[in-house]
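Close look at the chain arrangement
Single-letter residue listing:
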Amino acid sequence: MNRTALHSALREIRAHFSNLRVLGAMLVVAVVLALAGPFGTSDSMTLGARFAYWAAIVASSYGLAFSVSLLISHAFGLGRRITAVWARVLVFGAIAGVPVTLAVTLVNVIAYGRLPGDVLTLWAQCTLIGLCVMTMLEILDASIRQAAAEAPPAPAMPAQDAPAAPPAIVARLPHPQRGRLVSMSVADHYVEVTTEKGRGLVLIRLGDAMKEAGDVPGLQIHRSHWVALDAVRRLVRVDGKPMLELTDGRRLPVSRSHVDAVRAAGFN
């Protein structure tokens, strides 16, 4: 994995585990498992010990399943290649099975002082956990996008007092990062939004993010990239491949299907 992909993956992992919905869901699952006491934990542990045990299982399993799947997705671009929801769940769920098995094994060694008896059965169960994690991610992704689409608009301010409102996609960023929109790039389930004041990850599809750019003059130059026209410095070629050089020094690839549109916008 190149350094850019690694940094993008790490930013997405940090943003994901800062989401209160994700943390709340993990807490609820840990509490339910602690109260239910499956796999004999109700007989061998007190309620407090069960909660600590299942919280460790949930946090390590979910954390590793998500993080490993995301890192592999960024390394090989699987998130962009696999568009069907069921296919993403199966592929990344299977990938997550191995790290989840390692996490559950480690927690059991700490809790019971011994290795699980049937590793193959444990791996099958953990692969099922990985599939559940990926399903939960898809449901969470859909619910967040639906909530954003249904959110009521902010009350209008008197015309004389109202500052120029930023595009909706920029308004999703933390205040220190809100500024003139420069570019947007796909980062698996997220879009990395870059402004003149910084960048941040937004859980949204690129097509929806482009709609939320509003009246900002811009151009999709690749299935994974959109740029604001006033942020483009020039069209260059790197190893024979067309790229747009931006005012912040970055270069983004232009796909063959978008070259004509870039030239029509005045970049030759």
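Residues numbered from 1 in each chain as written. Predicted model: local features only at pLDDT ≥ 70, side-chain atom pairs only at ≥ 80, totals over all residues. Heavy atoms only, no water.

**Here's the deal with the overall build of the chain**
- A tally of regular secondary structure across the chain gives 10 helices and eight strands.
- Taking as baseline every contact in the chain between residues at least 6 positions apart, the subset at least 24 positions apart corresponds to 54%.
- Accessible surface, the chain as shown: approximately 14,700 Å² in total, 63% of it carbon and sulfur. (Helix = DSSP H or I, 4+ residues; strand = E, 2+ residues; numbered from the N terminus. Contact = heavy atoms within 4.5 Å. Areas by Shrake-Rupley, 256 points an atom, 1.4 Å probe, with all protein chains shown as cover.)

**Some words on the sheet that holds strand β4 (residues 218-222)**
- Ordered by their spatial adjacency, five strands build an open sheet running β3-β2-β1-β5-β4, and the pairing between neighbours is antiparallel. Of all the strands in the sheet, the pair left with one neighbour each is β3 (198-203) and β4. Averaged over all pairs of adjacent strands, the angle between their axes in this sheet comes to 20°, without regard to strand direction.
- Both strand β2 (residues 190-195) and β3 contribute to a ladder of six bridges, which runs antiparallel. (Pairing = 2+ DSSP bridges. Axes fitted to C-alpha atoms, helices over the stretch in contact; angles between N-to-C directions.)

**Quick word on unusual backbone geometry**
- The phi angle at Asp239 is positive, at roughly 55°, despite the residue not being glycine.
- Along the chain, the position of Asp239 falls in the loop between β6 (232-238) and β7 (241-246).
- In this structure Asp239 comes out as exposed when scored by relative accessible area, which is 77%. (Buried < 20%, exposed > 50% of the residue type's maximum accessible area, 1.4 Å probe, protein only.)

**Overview of helix α10 (residues 256-264)**
- Within α10, burial applies to His258, Val259 and Val262. The arc that holds the buried residues of α10, viewed along the axis, is 125°, so those residues lie on one side. Within α10, the exposed residues directed more than 90 degrees away from the buried face are Ser257, Asp260 and Ala264.
- Those residues of α10 that are buried lie in contact with β4, β6 and β7.
- Following α10 by one or two positions, Gly266 has its phi on the positive side, about 105°. (Arc of directions from axis to C-beta.)

**Some words on the nonpolar core**
- Counting 28 residues, the largest nonpolar core has Ile169, Leu181, Met184, Val193, Ile221, Leu244 and Val262 as the members making the most contacts within it.
- Contact partners of Leu181, with chain neighbours within four places excluded, come to Ile169, Val170, Val193, Thr194, Thr195, Ala213, Val216, Trp226, Ala228 and Asp230.
- Met45, Tyr53, Tyr62 and Val100 belong to the second largest nonpolar core, which has 20 residues in total. (Core = buried A, V, L, I, M, F, W, Y, C linked by side-chain atoms within 4.5 Å.)

**Let's talk about the confidence of the model for the chain**
- For the chain, the mean per-residue pLDDT works out to 81, and 83% of the residues sit at or above 70.
- Within the chain, no element has a lower average pLDDT than helix α5 (residues 78-81), which sits at 60, and none a higher one than strand β5 (residues 225-228), at 95. (pLDDT = per-residue confidence, 0-100.)

**A look at the pairing of β5**
- The two faces of β5 match: His225 and Val227 on one face and Trp226 and Ala228 on the other face are all buried.
- Bridge analysis of strand β1 (residues 181-187) against β5 gives three bridges, and the strand direction is antiparallel. Note on β5: the bridge partner recorded for Met184 is Trp226.
- Looking at chain direction, β4 and β5 are connected through four bridges and run antiparallel.

**A word on the pattern of salt bridges**
- Under the defined criterion, the tally for this structure stands at eight salt bridges.
- Taking the shortest distance from any N to any O, the salt bridge between Arg199 and Glu192 comes out at 3.9 Å.
- Take Glu192: its relative accessible area is 11%, and that puts it in the buried class.
- Arg234 is the partner of Glu245 in a salt bridge, and the nearest nitrogen-oxygen pair spans 3.1 Å. A residue pair is termed long-range when its members are at least 10 positions apart, and Glu245 in strand β7 and Arg234 in strand β6 qualify at 11 residues.
- It is possible to trace a salt-bridge network through shared partners that takes in Arg233, Arg234, Glu245 and Arg251. (Salt bridge = Lys/Arg side-chain N within 4 Å of Asp/Glu carboxyl O.)

**Concerning the side chain of His258**
- With respect to the helices and strands, the residue His258 is situated in helix α10.
- Polar side-chain contacts of His258 include one of 3.1 Å to the side chain of Ser257.
- Contact partners of His258, with chain neighbours within four places excluded, come to Gln220, Ile221, His222 and Arg223. (Polar contact = N/O pair within 3.5 Å; in protein donor to acceptor, adjacent residues only side chain to side chain.)

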